[in-house]
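One-letter residues, chain by chain:
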Amino acid sequence: MALSASSELFKRDNGFRKITLKDQLAEKLANMITAGLIAENEKLPSERALAETFNVSRETVREALQVLHDHKYVEISHGSRTRALKVDHLTNTVSDALQIDTYDAATVAETRDVIEVAILRSAAINISDKDLQRLEKLIAAQEKMLNDAVAFHISDREFHGVIYKAGGNPLLEKMAGDVYSYALESRHTAMQEENAIQRSVNEHKSIYRALASHDADLAEQAVKGHLDSIQKSTLRALERNAKL
């Protein structure tokens, strides 16, 4: 069962119920697991780290993890970190409809470039002080994740998600989120490269500075540099995986 806003998990017999913070967080984490951002058997970050990443209380994290446990997305073991279980992939996303993983890396990279440049230019003009503060906190947390690829991937998705929403176009936000999920297995491999996470954090800082200056041209330049770096590291990982 895939967790989504249209899932039966969020329905009652007499209609929709209010989606709580724990539901929203459970949905985010479930989508990350089904998309492969968090791989089977990988350990999730601590409750404290998840609370910091998603800007919620540890109680909310604990309740969200229990929802995921109840629906067999994760296994909770006392005394050790929660780990992801194998689940079916989502069937109601743009990426599934487009079968995005059937396209070559260059095509997807070009698509992501077009979408994210449009979003970043708009976000540079419209982003709020609250969102800028959120990005700044995420970057500060990422500085502590240089040796934890799973925690960084989760924080990275949240970082880009804040920016996608700040762009103000919900369709582009949706498309960007789906294109983001391309070749996640290879990007996991890419994050094992020496200094890979630090490089991404530095690029996030450049994006943040551009957004904080509300300079659309600088934001475009910063995100293009970041996407070029992602494309090159992903291609190297794809090549390595093909040789295995």
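Refer to the structure printed above.
In this text, all values refer to a predicted model and were calculated from it rather than measured experimentally. (Residues numbered from 1 in each chain as written. Predicted model: local features only at pLDDT ≥ 70, side-chain atom pairs only at ≥ 80, totals over all residues. Heavy atoms only, no water.)

Describing the overall build of the chain
- Each helix and strand counted, the chain has eleven helices and four strands in total.
- Taking all 244 residues of the chain together, 45% fall into the buried category.
- Pairs at least 24 apart in sequence give 72% of the contacts found in the chain among residues at least 6 apart. (Helix = DSSP H or I, 4+ residues; strand = E, 2+ residues; numbered from the N terminus. Buried < 20%, exposed > 50% of the residue type's maximum accessible area, 1.4 Å probe, protein only. Contact = heavy atoms within 4.5 Å.)

Comments concerning the packing of helix α6 (residues 129–142) against helix α10 (residues 196–212)
- α10 packs onto α6 with a crossing angle of 165° between their chain directions and a minimal axis gap of 10 Å. With respect to each other, α6 and α10 are oriented roughly antiparallel. Here the hand of the crossing between α6 and α10 comes out left-handed. Of the residues in α10, those in contact with L132, L135, E136, I139 and Q142 of α6 are V201, H204, K205, Y208, L211 and A212.
- A per-class count over the contact of α6 with α10 returns seven nonpolar, two polar and two charged. (Axes fitted to C-alpha atoms, helices over the stretch in contact; angles between N-to-C directions. Parallel < 35°, antiparallel > 145°, perpendicular 65-115°, else oblique. Left-handed = near helix turned anticlockwise from the far one by under 90°. Nonpolar A, V, L, I, M, F, W, Y, C, P; charged D, E, K, R; others polar.)

Quick word on the nonpolar core
- Membership of the largest hydrophobic core comes to 66 residues, with the highest contact counts inside it found for L29, I38, I163 and L211.
- Among the elements that take part in this core, helix α7 (residues 149–166) stands out by supplying ten residues, more than any other.
- Filtering out sequence-adjacent residues up to four positions away, I38 remains in contact with L29, M32, I33, L44, A84, V150, I154 and H188. (Core = buried A, V, L, I, M, F, W, Y, C linked by side-chain atoms within 4.5 Å.)

Section: the environment of Y73
- Its place among the elements puts Y73 in the loop between α3 (58–70) and β3 (74–75).
- Among the residues examined, Y73 registers a relative accessible area of 0% and is labelled buried.
- Each C-alpha atom of the pair Y73 and K86 lies 7.2 Å from the other, and the pair is 13 residues apart in sequence.

Treat this as a map of the structure, not an account of what it does.
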